[in-house]
Amino acid sequence: MASAPTASTAPTSSTASSATTHAATPSGPLVGLKVVELGQLIAGPFAAKTLADFGAEVVKIEPPAIDKGPGGDPLRQWRLLHQGTSVWWQVQSRNKKSVTLDLRQPEARDIVRRLIDEADVLVENFKPGVMEDWGLGFDTLSRSNPGLVMLRISGYGQTGPYRDRPGFGVVAEAMGGLRHLTAEPGRVPVRVGVSIGDTLASLHGVIGVLMALQHRHATVSADAPKGRGQVIDVALYEAVFNCMESLLPEYSAFGTVREAAGSALPGIAPSNAYACADGWVLVAGNGDSIFKRLMHAIGRDDLGNDAALAGNTGRVARVAEIDGAIGAWTASRHVADVLDALNAAHVPAGRIYTARDIAEDPHYRARGMLQPVTSADGLTLDTPGIVPKLSATPGGLHRRAPTLGEDTDAVLRSIGVTREQLQALLERGLV
């Protein structure tokens, strides 16, 4: 347990001096919404982070340090660390409060149940059945809090023959159809460079929460003064599969199994990555009028005026010829020169950004997408800004990511746990 938290606001500049360390007032359309987060790592916490970015009060429950272990969400120790804490943590847990409770112990579960009784939303991403084993299933919780909205994210969902299998995002990406397509033809399928399966599930979960809250609002009555809650059941593989476009209907209608196509966009032409003298450029010239402008810009009006290439079907049939023409034009030019020419011709194109490109890009900065924070250990760093941008009720960064158990005292005192009880819990290792 620790003293009252401090936080950093979200200034418009990302200089070290502009990242302040005081708590700001939460803003956004979800101010007043109370969320308890029982998840860890990526899927559940990302969903809760998104709600917190728009003003929700998120209380994150973490395991205390036990038997000399570090305690807390394992994400605190993932990837690059500064003074023992992941810089990823500064993104994933911003705007949240941290309370430590050892949920293996019945007394700790009784306390978290009291927190949930006062909450609007519960987020969890444990294996199906764990919450029920702890006496924290929806049927139990909704008896004392009938307006509770419960977001449950798991590998395969709460039902079905695979429900009890352990599931991580990378497995979901494979089962959802994404991994098969993420490769050069004939090469081993590769991982998307981030945990996209977890993030897609998180965003579907947030959509579900907002729809469930709208339903709750619509069901307010004398018998249900807060309205009726419900469960949102998000399976990681289903969130991936939901984004797979025409994959299934093409197989269902034609027996066609879509295969990996590297950097190209199969069946839509031209859309590919092309080598330049100093790097690569992505060009999407697949609109009919865009294609003509692209061909004019590269000096190939013969292709632009070819009636057989006026529509996408004809271009797909001759995509190798078209790609060859574009690649021959880009090969001797620098990326910046290619982009200047294609932007002037109103052809969608862009460089392939690295972290350095992002950090130095003026558009990112102008859009507030490089938001500085100062961590609890004094490190000032840029983090992604708030997405999406709302004109009337924008979200914001009002609190840095908490240290482990930083808010245990304040949060538990707010539900009536006395200081003496807190001390007893601490001595027994429950918080």
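Above this text sits the structure in question.
**Examining the layout of surface pockets**
Summary: where empty space remains is shown by rolling a probe the size of a single water molecule over the atoms.
No. 1: Roughly 1500 Å³ of volume is contained in the largest pocket.
No. 2: Lining the largest pocket are 42 residues, and of these Phe46, Lys49, Trp88, Val91 and Pro384 sit closest to its centre.
No. 3: At the level of secondary structure, the elements contributing two or more residues to the lining of the largest pocket comprise helix H1 (43–53), helix H2 (89–92), helix H8 (196–218), helix H16 (355–360) and strand E13 (380–384).
No. 4: Here the lining of the largest pocket gets 6 residues from one element, more than from any other, and that element is H8.
No. 5: Among the residues forming the lining of the largest pocket, the class breakdown is 28 nonpolar, 8 polar and 6 charged.
No. 6: Space inside the second largest pocket adds up to approximately 470 Å³.
No. 7: Around the second largest pocket, the lining comprises 23 residues; the ones closest to its centre are Leu41, Asn125, Gly167, Phe168 and Asp198.
No. 8: Contributing elements (two or more residues each) for the lining of the second largest pocket: strand E7 (149–154) and helix H6 (169–175).
No. 9: Considering each element in turn, the lining of the second largest pocket owes the most residues, 3 residues, to H6.
No. 10: A per-class count over the lining of the second largest pocket returns 11 nonpolar, 7 polar and 5 charged.

**Description of the packing of H1 against H8**
No. 1: Following both chains from N to C, one finds H1 and H8 inclined at 50°, their axes separated by 8 Å at the closest point. Classified by the interaxial angle, the pair formed by H1 and H8 is oblique. By crossing handedness, the relation of H1 to H8 is classed as right-handed. Where H1 approaches H8, its residues Ala43, Phe46, Ala47, Thr50 and Leu51 are matched on the opposing element by Asp198, Thr199, Ser202, Leu203, Val206 and Val209.
No. 2: In terms of residue class, the contact of H1 with H8 is made up of 7 nonpolar, 3 polar and 1 charged.

**Digging into the sheet that holds E7**
No. 1: If you trace the 6 strands from one edge of the open sheet to the other, you get E5-E2-E1-E6-E7-E8, paired in parallel fashion. On the outer flanks of this sheet lie strand E5 (96–100) and strand E8 (231–235), each paired with one strand and no other. Strand-to-strand, the axes of this sheet are offset by a mean angle of 20°, without reference to chain direction.
No. 2: In the sheet, strand E1 (residues 34–37) pairs with strand E6 (residues 121–124) via 3 bridges, with the strands oriented parallel. Residue Val35 lies in a different strand from E6, and its bridge partner there is Val121.

Conventions and cut-offs
- Residues numbered from 1 in each chain as written.
- Predicted model: local features only at pLDDT ≥ 70, side-chain atom pairs only at ≥ 80, totals over all residues.
- Heavy atoms only, no water.
- 1 Å grid on protein atoms, 1.4 Å probe; cavity = no way out; pocket = protein on both sides within 12 Å on 5 of 7 lines; lining within 4 Å.
- Points joined across faces, edges and corners; volume = space filled by probe spheres on them.
- Helix = DSSP H or I, 4+ residues; strand = E, 2+ residues; numbered from the N terminus.
- Nonpolar A, V, L, I, M, F, W, Y, C, P; charged D, E, K, R; others polar.
- Axes fitted to C-alpha atoms, helices over the stretch in contact; angles between N-to-C directions.
- Parallel < 35°, antiparallel > 145°, perpendicular 65-115°, else oblique.
- Left-handed = near helix turned anticlockwise from the far one by under 90°.
- Contact = heavy atoms within 4.5 Å.
- Pairing = 2+ DSSP bridges.

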